[in-house]
Amino acid sequence: LGAVSDDQGLLEEETMSQIIFLHARLQALLYAEEMELVDQAMPISCERVHGEYVYRCEVGRYRIVGRDADHILMCNSKEKNAKAESGIVPAVPKVVMAMLVDALYHPLSQPWGYPERVLNTFHATCDDVMAQVTH
C-alpha cells in the first residue's frame, strides 16, 4: 500500500484483489483489537467515475476530512458509522511491526520468557525488517 502513495492513492483492480486476500489472511492471524489497528491504517474507498469503479487508498498521505462514509470499503467499524477524521495514515507494515515489538515485551523476566539482555537482539532484527520494508 505504501507504493500507492506515489500514484495519488489510486489502486488497480489486481492490486485491490491482492489487498483483499492479504487482509483476509491477517484477519485469521490477529485478534479483533489488533485488526482494528490494521483497518485504521487501510482506508480504502471506491468511487464510480465515468461508469468505472476507481479504488483509492490514503496511505502515507493526509486523510481527507469529511469523506463520504458510503464509499469507504476497508476501515474499522467506528469509521463506517462516522466520517473519517483528519490526519496522516500510517503504513500497514509499520502498524504491524509496532504490534510485534509490543508483543516482545510480554515474556520479559517471566519464568517461561527470556531475560532483558536478549531484547537488544530482537530490536536490531526489527530495525532490519523495517529498513527492508520501507526502502
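Cut-offs used in this document
- Residues numbered from 1 in each chain as written.
- Predicted model: local features only at pLDDT ≥ 70, side-chain atom pairs only at ≥ 80, totals over all residues.
- Heavy atoms only, no water.
- Helix = DSSP H or I, 4+ residues; strand = E, 2+ residues; numbered from the N terminus.
- Buried < 20%, exposed > 50% of the residue type's maximum accessible area, 1.4 Å probe, protein only.
- Contact = heavy atoms within 4.5 Å.
- Areas by Shrake-Rupley, 256 points an atom, 1.4 Å probe, with all protein chains shown as cover.
- pLDDT = per-residue confidence, 0-100.
- Arc of directions from axis to C-beta.
- Axes fitted to C-alpha atoms, helices over the stretch in contact; angles between N-to-C directions.
- Parallel < 35°, antiparallel > 145°, perpendicular 65-115°, else oblique.
- Nonpolar A, V, L, I, M, F, W, Y, C, P; charged D, E, K, R; others polar.
- Phe/Tyr/Trp six-rings, centres within 6.5 Å; stacked < 30°, edge-to-face > 60°.
- Lys NZ or Arg CZ within 6 Å of the ring centre and 35° of its normal.
- Core = buried A, V, L, I, M, F, W, Y, C linked by side-chain atoms within 4.5 Å.
- Pairing = 2+ DSSP bridges.

Chemist: Looking at this structure, I do not really get the overall build of the protein. What am I missing?
Modeler: Looking only at helices and strands, the protein features five helices and six strands. Each helix (α) and strand (β) of the protein, taken in turn from the N terminus, gives the series β-α-α-β-β-β-β-α-β-α-α. Counting the 135 residues in the protein, one finds 30% classified as buried. Contacts in the protein between residues at least 24 apart in sequence constitute 55% of all its contacts with a sequence separation of at least 6. Put simply, the protein shows about 9100 Å² of open surface, and 55% of that area lies on carbon and sulfur atoms.

Chemist: Just checking my understanding: could you explain the confidence of the model for the protein for this structure?
Modeler: Detailed reading of predicted coordinates is not advised where the pLDDT is low. With 72% of its residues at a pLDDT of at least 70, the protein reaches an overall mean of 77. Within the protein, the element-level pLDDT minimum falls on helix α3 (residues 77-81), averaging 52, and the maximum on helix α1 (residues 13-29), averaging 89.

Chemist: So what exactly am I meant to see when it comes to helix α2 (residues 32-40) here?
Modeler: Note that an α-helix has 3.6 residues per turn; residues three or four places apart therefore point the same way. Of all the residues in α2, the buried ones are M35, V38 and D39. For α2, the arc enclosing every buried residue in end-on projection is 100°, short of the 170-degree limit, so these residues lie on one face.

Chemist: Would you mind showing me how to read the packing of helix α4 (residues 92-104) against helix α5 (residues 119-134) here?
Modeler: Think of two packed helices as two axes; the pair is described by the angle between the axes and how far apart they sit. Axis separation between α4 and α5 bottoms out at 11 Å; the angle between their running directions is 175°. Between α4 and α5, the interaxial angle falls into the category roughly antiparallel. Between α4 and α5, the contacting residues are P93, K94, M97, V101 and L104 on the first element and L119, F122, H123, C126, V129, M130, V133 and T134 on the second. Partitioned by chemical class, the residues of the contact of α4 with α5 number ten nonpolar, two polar and one charged.

Chemist: For this particular structure, what's the right way to read the packing of aromatic side chains?
Modeler: Here a ring pair, both rings aromatic, is described through the centre-centre distance and the interplanar angle of the planes. Scanning the model with the defined rule gives one aromatic pair in all. For R48, the ring lying beneath its charged end belongs to Y53, and the centroid distance is 4.9 Å.

Chemist: Would you explain the nonpolar core in this entry?
Modeler: When a protein is soluble and globular, its nonpolar side chains tend to lie buried together. By size, the foremost hydrophobic cluster in this structure holds 14 residues, and its most contacted members are L11, V38, M42 and I44. Membership of the second largest hydrophobic core comes to eight residues, among which are V101, Y114, C126 and M130.

Chemist: Help me understand the pairing of strand β3 (residues 52-57), please; the structure alone is not making it clear to me.
Modeler: A regular strand carries its side chains on alternate faces of the sheet. Of the pairings in the sheet, the one linking strand β1 (residues 10-11) to β3 comprises two bridges and is antiparallel in character. Across the sheet, residue L11 finds its bridge partner in β3, namely Y55. Two strands pair when backbone bridges link them, and strand β2 (residues 44-49) and β3 are joined in this way by six bridges, in the antiparallel orientation. Residue E47 lies in a different strand from β3, and its bridge partner there is V54. As consecutive antiparallel partners, β2 and β3 are separated by two residues, and within that stretch H50 has a phi angle of approximately 55°, a positive value.

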